[in-house]
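Remarks on the overall topology
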Amino acid sequence: MIQQNYPKEQLLNFYRTMRLIREFELRAINERRSGLIPGFIHSCVGQEATAVGACAALRSDDIITSTHRGHGHLIAKGGEPRYMMAELAARSTGYCGGKGGSLHMTDFDLGILGANGIVAGGIPMATGAALAFQMRNEERVALAFFGDGAVNEGAFHEAANLAGLWKLPVIFFCENNLYGEGTPQNKQAPVADLSLRAEGYGFPGIVVDGNDVLAVYEASNTAVERARAGKGPTFVEGKTYRFRGHYEGDPMVYRTKAELEAWRSRDPLPAFRNRLLDNGFAATEIEAIEADIQASLDQAVEFAADSPPPEPETALEGVYADTHEGRVF
Ligand SMILES: Cc1ncc(C[n+]2csc(CCOP(=O)(O)OP(=O)(O)O)c2C)c(N)n1
Ligand SMILES: [Mg+2]
């Protein structure tokens, strides 16, 4: 019985948040088709368990940095779907006042230092935040989400080296979905487990089934405890898969149907739902959660559609930080 290790409400919350991320993504894709949402969407459909398992190991005052595939990370850290939907729809009520879109959503109050269009761009930011926590003697940790492709960027290696040397309270969380755009992992790196990279920088690397939310949560907890105890970073590698294209509209010629189907049979959502049912959770309880999510997304879409676009006069607002305001996180 999984209830022996986890409170019932926590298990339901894992499911609720994963389902919310999945449905948010599907709704955003639909609203892009309907014309409400302009621009690119990189969906994280299939990768919900890494976002939820990792963020569940964090406290609300810990921080994350995210990527171009960041909607799941933001929701898992407490981001509000209606402000996210409004941002995607370029409305003034969105997280960036409608001027940033998917790649820039940020909420300092929730410890979200931002999605990021620059591959590996969030890694030095999280490392810098971890240095700030260490210098201020705060028992907070920073977690950087990034993909397998980002591990080949210099920014990762520079940040990992410094974090290992100074034992910074940072978790390097790699969502290894086996592709950087259309390039398979075995054509971008000579090692199968990217977590091996950690050894060269003097800290541990953990490989985990990124489609199993409980496994991700446990690995992330180990990493967070180590960071909070002042012992330094950990590289956590969640092996996972994105079910949709790199971006909406990607023709996906670089992978086979058989590969996609094999991963679909390991979809984290039905897997965890069935696990709850097998462990005695009532189907009605789960269905009620699913109905609530649909209702909240109806409201999020309505909120976005009813909100005005940003006024031209606000174009330069939010471009530069006001350093006189002092700390931002
Ligand atoms: C510095 C930089 N180089 C290249 C790109 C173009 N680009 C956007 S996403 C992407 C692939 C990233 O792959 P990965 O890190 O595995 O993340 P995933 O898309 O699989 O989540 C690339 C090359 C970019 N945005 N930034
Ligand atoms: Mg990838």
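Each remark here, short or long, concerns the structure printed above.
Residues numbered from 1 in each chain as written. Chains lettered and ligands numbered in written order. Predicted model: local features only at pLDDT ≥ 70, side-chain atom pairs only at ≥ 80, totals over all residues. Heavy atoms only, no water.

1. A word on the pattern of salt bridges
Heads up, the condition is: Think of a salt bridge as a Lys or Arg side-chain nitrogen and an Asp or Glu carboxyl oxygen that are within 4 Å of each other. Only DSSP runs of H or I with at least four residues qualify as helices, and only runs of E with at least two residues qualify as strands; both kinds are numbered from the N terminus onward. Burial here depends on accessible area, computed with a 1.4 Å probe over protein chains only, as a share of the maximum for the residue type. Under 20% is buried, over 50% is exposed, and the range in between is partly exposed.
Evaluation of the coordinates by the stated rule reveals 17 salt bridges. Between Arg22 and Asp267 there is a salt bridge, with its nearest N and O atoms 2.9 Å apart. Of the two residues, Arg22 sits in helix 1 (residues 8-34) while Asp267 sits in the loop between helix 8 (257-264) and helix 9 (268-278), which places them 245 residues apart along the sequence. Judged by relative accessible area, which is 10%, Asp267 ranks as buried.

2. Topic: the coordination of the magnesium ion (ligand 2)
Basically, it comes down to this: For Na, K and Ca the donor cut-off is 3.2 Å, while for other metals it is 2.8 Å, and in both cases only N, O and S atoms qualify; water is not among them, so sites may look incomplete.
Summarising the metal site, the magnesium ion (ligand 2) is bound by the protein donors Asp148 (OD), Asn177 (OD1) and Tyr179 (O), whose distances to it range over 2.0 to 2.1 Å. All donors of the magnesium ion (ligand 2) belong to a single chain; written as a sequence motif, their spacing is D-x28-N-x1-Y. You can call Asn177 buried: its relative accessible area is 6%. On the basis of relative accessible area, Tyr179 is assigned to the buried category, the value being 8%.

3. Considerations on the site of ligand 1
Short version of the rule: Residues are labelled near a given molecule or strand when at least one of their non-hydrogen atoms is within 4 Å of it. Whenever two N or O atoms come within 3.5 Å, that pair is a polar contact, provided that in protein one can donate a hydrogen and the other can accept it, and provided that, for residues adjacent in sequence, both atoms are side-chain atoms. Areas reported as accessible are Shrake-Rupley estimates using a 1.4 Å probe. Residue values count occlusion only from the protein chains shown. Residue type decides the class: Asp, Glu, Lys and Arg count as charged, Ala, Val, Leu, Ile, Met, Phe, Trp, Tyr, Cys and Pro as nonpolar, and the leftover types, Gly among them, as polar.
In the neighbourhood of ligand 1, 15 residues make up the surrounding shell, with His68, Arg69, Gly117, Gly149 and Asn177 lying closest. Measuring from an oxygen atom of ligand 1, one finds a backbone N or O atom of Gly149 at 2.8 Å. The separation between an oxygen atom of ligand 1 and a polar side-chain atom of Asn177 is 2.8 Å. In isolation ligand 1 offers 590 Å² of accessible surface; the protein chains occlude 72% of this area. Considering only residue class, the shell around ligand 1 consists of four nonpolar, seven polar and four charged.

4. Thoughts on unusual backbone geometry
Located in the positive-phi region is Ala120, a residue other than glycine, with phi close to 80°. Of note, Glu181 is a non-glycine position whose phi angle comes to about 50°, a positive value. Its location among the elements puts Glu181 in the loop between strand 4 (179-180) and strand 5 (183-184). Given the relative accessible area of 53%, Glu181 is considered exposed.

5. Thoughts on the nonpolar core
One recurring pattern in soluble globular proteins: nonpolar side chains tend to sit buried together. Formally: As used in this record, nonpolar core signifies buried Ala, Val, Leu, Ile, Met, Phe, Trp, Tyr and Cys residues forming a set joined through side-chain atoms within 4.5 Å. Throughout, a contact is declared for two residues whenever any of their heavy atoms are within 4.5 Å.
Counting residues in hydrophobic clusters, the biggest one holds 60 residues, and the most contacted among them are Leu11, Phe14, Phe272 and Leu276. Broken down by element, the residue count for this core peaks at nine residues, all from helix 1. The residues touching Leu276, leaving out its near neighbours within four places in the chain, are Ile2, Leu11, Leu12, Tyr15, Phe281 and Ile286. Judged by nonpolar contacts, the second largest core, of 26 residues, contains Ala142, Val151, Val170 and Cys174.

6. Things to note about the pairing of strand 3 (residues 170-176)
To be explicit about the condition: Strands pair, by our definition, only if DSSP identifies at least two bridges between them. Assignment of crossover handedness uses the view with strands pointing away from the viewer, where a clockwise path from the first strand over the helix to the second indicates a right-handed crossover.
For strand 3, a buried count of seven out of seven residues is recorded, marking the element as mostly surrounded by other parts of the structure. With burial as the criterion, each face of strand 3 is covered, one bearing Val170, Phe172, Cys174 and Asn176 and the other bearing Ile171, Phe173 and Glu175. Bridge analysis of strand 2 (residues 142-147) against strand 3 gives six bridges, and the strand direction is parallel. Residue pairing across strands places Leu143 opposite Ile171, the latter belonging to strand 3. Between strand 2 and its parallel partner strand 3, the chain crosses via helix 6 (residues 154-165), and the hand of that crossover is right-handed. Sheet analysis places strand 3 next to strand 7 (residues 234-239), joined by six bridges and oriented parallel. By the bridge assignment for strand 7, Glu175 is matched with Gly238.

Remember, this is a structural readout, not a statement about activity or role.
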